[in-house]
Amino acid sequence: MKHLIQKIGILTGGGDCPGLNAAIRAVAKSAILDHQIKVIGIKDGFQGLIENRTRQLDYEDVSGILSLGGTILGTSNKANPFKWPEIRDARITYSDVSEIVINNYRELGLDCLFCIGGDGTLTVAQKFKEKGLNIIAIPKTIDNDLSGTDRTFGFDTAVFNATEAIDKIHTTAESHHRVMVVETMGRYAGWIALHSGLAGGGDIILIPEIPYDYDCLIAKVKERSQKGKKYSIVVVAEGAKPKGGQAIVKKVVETSPDPIRLGGIGLMLAEEIERRTELESRVTVLGHLLRGGTPTAFDRVLATRYGAKAIELATEGKFGLMVCLHGQEIASIPIEEAISQLKLVSPSSSLVRVAKSVGTCFGDE
Ligand code: F6P
């Protein structure tokens, strides 16, 4: 039986990533074309629902945005309505403004809110589901660390961008006989470093899930050098840490629900490798380059499939769910399952074993 849905809201929250516009387009086009549903775009994530900044999305607004990076709606990774930061007299105070969001949802006449986000946004979305709003979640993040789905969109593009960068680094590394350290994003999960390191032929891959031993990776660089390979490529996730040590925190964004910003591991490694091997070393931090630009074909298709499935769920009256990819199939799971824990790389996974079998060093053995 079809559920009567006349008006929906859609927002993008957290860090942006390629494919957001493809997902917005898919939700809006399926809603408008197949079901004559009105679509309200909410600006800058939950911030737009707190401040009531919205605009109607018509067909023309979402036409021609499939290949566009970023998000036409804007986003925010500071907008947690349950812990809303306000700066007064140079001091940050927090309050719960979730009732404002609920009032605005009702005043806008929304029948369902589509939340496109990662762990942080979907944790907020789940709380609104528990407060009685009709929520459907669509998973995105370049980190690919959301549970319950094989893929978040944005990840494939980030891996593509990182691999392209590693390929370029390779030629200059070889020419100058240098050790080149490439630092990728990936706060708690090493998926980007693992996949791009494999695709780009990294000699050493360091990820948060496998703490490294300095002696081990230095030995690998020296061994290559002695065998005539005077250059090495080290691909390191920003969240990688030495055995018994911690990831390097670059800054703390107090107003953010996930306040830790990492960075600096690449430089530290390059300096240490140069000091201990006497091989010239350089670092390249890929940072937000991984998140920008046009999405890959895979991410466009995935985001489109997610968007269409999300509308299907809404019209069937199935709320509180996140669309997901299981193998080749698009399915759905409760949002709470997706946010229950981060999806990390298992050190004994087949991908890590494959990388080791082709001689990649993870700094652990
Ligand atoms: O979660 C996505 C992500 O790109 C992480 O990989 C990275 O640590 C973080 O966001 C960076 O956040 P910001 O854009 O606030 O610097």
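Numbers given for residues are sequential positions, taken from 1 along each chain in its written order. Per-residue local features of the predicted model are confined to residues with pLDDT of at least 70, and side-chain atom pairs are confined, for both listing and counting, to 80 or more; whole-chain, interface and lining totals are unaffected and use all residues. Remark: hydrogens and water are excluded; side-chain values derive from all non-hydrogen atoms of the structure.

## Digging into the sheet that holds strand 2 (residues 38-42)
Definition in use: For two strands to pair, DSSP has to find at least two bridges joining them. Each helix corresponds to a stretch of at least 4 residues labelled H or I by DSSP, and each strand to a stretch of at least 2 residues labelled E; elements are numbered beginning at the N terminus. Axis lines are fitted to C-alpha atoms, over the contacting stretch for helices. Their N-to-C directions set the angle, which ranges from 0 to 180 degrees. Any pair of residues with heavy atoms lying within 4.5 Å of one another is described as a contacting pair.
What the 7 strands build is an open sheet, ordered 3-2-1-6-7-14-15; its pairing is mixed. A strand with exactly one partner marks an edge of an open sheet, and here the two such strands are strand 3 (54-56) and strand 15 (329-334). Geometrically, the sheet is characterised by an average inter-axis angle of 25° between neighbouring strands, direction not taken into account. Bridge count between strand 6 (residues 112-117) and strand 7 (residues 135-139): 5 bridges; the pairing is parallel. Looking at strand 7, one finds that Gly117 is bridged to Pro139. In the packing of helix 10 (residues 297-315) onto the sheet, the strands contacted are strand 1 (7-12), strand 6, strand 7, strand 14 (321-326) and strand 15, and the crossing angle to strand 14 comes to about 140°.

## Overview of the environment of Glu130
Under the convention used in this document: The rule is simple: take the accessible area with a 1.4 Å probe, protein chains only, and divide by the maximum for that residue type; under 20% is buried, over 50% is exposed, in between is partly exposed. Whenever two N or O atoms come within 3.5 Å, that pair is a polar contact, provided that in protein one can donate a hydrogen and the other can accept it, and provided that, for residues adjacent in sequence, both atoms are side-chain atoms.
Positionally, Glu130 belongs in helix 5 (residues 119-130). Glu130 gets classed as exposed once you look at its relative accessible area, which sits at 56%. Spatially, the C-alpha atom of Glu130 lies 24 Å from that of Gly15, the residues being 115 residues apart in sequence. In this structure the side chain of Glu130 is engaged in a polar contact, spanning 2.7 Å, whose partner is the side chain of Gln126.

## Re the site of the ligand
Basically, it comes down to this: If a single non-hydrogen atom of a residue is within 4 Å of a molecule or strand, that residue counts as near it. Only the protein chains shown count as cover for residues, with accessible areas throughout obtained via the Shrake-Rupley method and a probe of 1.4 Å. Note that Gly is not counted as nonpolar here; it falls among the polar residues with everything else outside the nonpolar set of Ala, Val, Leu, Ile, Met, Phe, Trp, Tyr, Cys and Pro and the charged set of Asp, Glu, Lys and Arg.
Residues in contact with the ligand, as listed here, are Asn77, Ile142, Asp143, Met185, Gly186, Arg187, Glu238, Arg261, His288 and Arg291. In the environment of the ligand, an oxygen atom lies 2.7 Å from a nitrogen or oxygen atom belonging to the side chain of Arg261. His288 has a polar side-chain atom sitting 2.9 Å from an oxygen atom of the ligand. The protein chains hide 82% of the 400 Å² of surface that the ligand would expose on its own. Looking at the shell around the ligand residue by residue, the class counts come to 2 nonpolar, 3 polar and 5 charged.

## Things to note about the packing of helix 7 (residues 191-199) against helix 12 (residues 350-357)
The description of two helices packed together rests on the angle between their axes and the distance between the axes. Applied cut-off: Note on convention: the crossing is left-handed when the near helix lies turned anticlockwise from the far helix by less than a right angle, right-handed when the turn is clockwise.
Interhelical geometry of helix 7 versus helix 12 gives an angle of 35° and a closest axis separation of 11 Å. The two elements helix 7 and helix 12 cross, and the hand of that crossing is left-handed. Between helix 7 and helix 12, the residues in contact are Leu194, His195 and Leu198 and Leu351, Val352 and Ala355, respectively.

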